[in-house]
Amino acid sequence: MRIAVAGATGNIGTLTVTALERDGHEVVRISRSHGVDLSTGDGLADALTGVAAVVDVTNSTAADPAETVAFFGTTTRNLLAAEQRAGVRHHVLLSIAGIHRVEGNAHYAGKREQERLVAAGPVPWTIVPATQFHDFAAMVTSWTEQDGVATIAPLLVQPIAPADVADILAEIATGEPQGRYADIAGPDPQDLVDMARRTNSARGRAVTLVPTWSALFGPAMAGDVLLPGEGARIAPTTFDQWLEQQR
């Protein structure tokens, strides 16, 4: 199949491209570095010529809810409209498990808008909600670290390996649209603070961690809010197995 990946140069995008090409599919990379701008729609028509399915793994780093909603709204509308014109038969959106249970998080607000547009849009769709990735804890500490000290929220998560996410997205993209897919998650619940400590240690980084709630990850995310729902699809790679690859 000819399949496009939006956000192809990001972490999950790169892995999804690899998974699709490994399985013999022709992949079209959608990103600014490949001459396609989702914010304006420039280059989309050419990129989607002959494409049967699109996997959207685009991301936003905006911290303001209105800005995040605007970004995901604009890019998703442009992408869906171009897909409809090109005759794309399947839109696969990577989303986040638990976003409808959490208010006040800017990124989650944007992802909810993205889900809404896809579900109401003109292209048959599958939305795939994933739990946090195995590298999420260390990423959070990289955002907050100053002079060797980083704050991090004491979240309970059930993280999934990025490569497992990519494999699932590649599998779903080659099948029929399924609507809202089951949550996808890794095998075991983990404490985010402990994950950060172990990941930084495996990578040879000395970071003092200060567990605390923040504007980004507030108490609304405490408890089992971020854990996968019933009937979740459990991916095979454990956090320990992924951690061994970081050494």
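What you see is a predicted model, and the numbers here were worked out from it, not measured in a lab.

Q: Would you explain the environment of S201 in this entry?
A: Its place among the elements puts S201 in helix α7 (residues 192-202). Taking relative accessible area as the criterion, S201 reaches 52% and is therefore assigned exposed.

Q: I keep staring at the nonpolar core and nothing clicks. Help me out?
A: Side chains that are nonpolar tend, in soluble globular proteins, to be buried together. Grouped together as the largest cluster of nonpolar side chains are 26 residues, with contacts concentrated most on I152, L155, L192 and L226. When residues in this core are grouped by element, the largest group, 5 residues, is from α7. For L226, the contacting residues outside a window of four places in its chain are R101, V102, Y108, T131, Q132, L155, L156, V157 and M221. Counting residues in hydrophobic clusters, the runner-up holds 25 residues, among them V55, L94, V128 and L169.

Q: Whenever I open this one, the packing of aromatic side chains confuses me. Can you help?
A: What describes a pair of aromatic rings is the distance from one ring centre to the other and the angle between the planes of the rings. Applying the stated criterion to the full structure yields 3 aromatic pairs. Their ring planes at 70° and their centres at 5.3 Å tell us that F71 and F72 sit as a pair that is edge-to-face. With relative accessibility at 26%, the residue F71 sits in the partly exposed group. On the basis of relative accessible area, F72 is assigned to the buried category, the value being 0%. Between F239 and W242, the ring centres sit 5.7 Å apart and the planes meet at 25°, which makes this aromatic pair stacked. Placement of both F239 and W242 in helix α8 (residues 239-244) is noted, with a separation of 3 residues, approximately one turn of the helix. No difference in accessibility class separates F239 from W242, as the two residues are buried.

Q: Looking at this structure, I do not really get the side chain of D135. What am I missing?
A: Examined against the element boundaries, D135 turns out to sit in the loop between β5 (125-130) and α5 (136-144). R203 provides the closest opposite charge to the buried, salt-bridge-free D135, at an N-O distance of 5.4 Å. Only 3.1 Å separates the side chain of D135 from the side chain of N11, close enough to count as a polar contact. Setting aside residues up to four positions removed in sequence, D135 forms contacts with N11, P162, R203 and W242.

Q: Is there a simple way to explain the packing of helix α3 (residues 65-86) against helix α4 (residues 106-120) in this structure?
A: Packed helix pairs are specified by the crossing angle of their axes together with the interaxial distance, meaning the distance between the axes. Look at α3 against α4: their axes get within 8 Å of each other, and the N-to-C directions meet at 25°. With respect to their mutual orientation, α3 and α4 come out roughly parallel. As α3 packs across α4, the resulting crossing turns out to be right-handed. Residues P65, T68, V69, F72, G73, T76, R77 and L80 of α3 form the contact with α4, whose participating residues are A106, H107, A109, G110, K111, E113, Q114, R116, L117 and V118. For the contact of α3 with α4, a count of residues per class yields 8 nonpolar, 6 polar and 4 charged.

Q: So what exactly am I meant to see when it comes to the pairing of β5 here?
A: Within a regular strand, the side chains alternate between the two sheet faces. The element β5 is extensively covered by neighbouring structure, given that 5 of its 6 residues are classed as buried. Of the pairings in the sheet, the one linking strand β4 (residues 90-96) to β5 comprises 6 bridges and is parallel in character. Within the sheet, the bridge partner assigned to L93 lies in β5 and is I127. Regarding the hand of the β-α-β motif, the stretch spanning β4, α4 and β5 is right-handed. As judged from the 2 bridges shared by β5 and strand β8 (residues 179-180), these two strands associate in the parallel manner. Each residue of the ladder has a partner; that of T126, found in β8, is G179.

Rules used throughout
Residues numbered from 1 in each chain as written. Predicted model: local features only at pLDDT ≥ 70, side-chain atom pairs only at ≥ 80, totals over all residues. Heavy atoms only, no water. Helix = DSSP H or I, 4+ residues; strand = E, 2+ residues; numbered from the N terminus. Buried < 20%, exposed > 50% of the residue type's maximum accessible area, 1.4 Å probe, protein only. Core = buried A, V, L, I, M, F, W, Y, C linked by side-chain atoms within 4.5 Å. Contact = heavy atoms within 4.5 Å. Phe/Tyr/Trp six-rings, centres within 6.5 Å; stacked < 30°, edge-to-face > 60°. Lys, Arg positive; Asp, Glu negative; His and termini not counted. Salt bridge = Lys/Arg side-chain N within 4 Å of Asp/Glu carboxyl O. Polar contact = N/O pair within 3.5 Å; in protein donor to acceptor, adjacent residues only side chain to side chain. Axes fitted to C-alpha atoms, helices over the stretch in contact; angles between N-to-C directions. Parallel < 35°, antiparallel > 145°, perpendicular 65-115°, else oblique. Left-handed = near helix turned anticlockwise from the far one by under 90°. Nonpolar A, V, L, I, M, F, W, Y, C, P; charged D, E, K, R; others polar. Pairing = 2+ DSSP bridges. Right-handed = clockwise from strand over helix to strand, strands pointing away.

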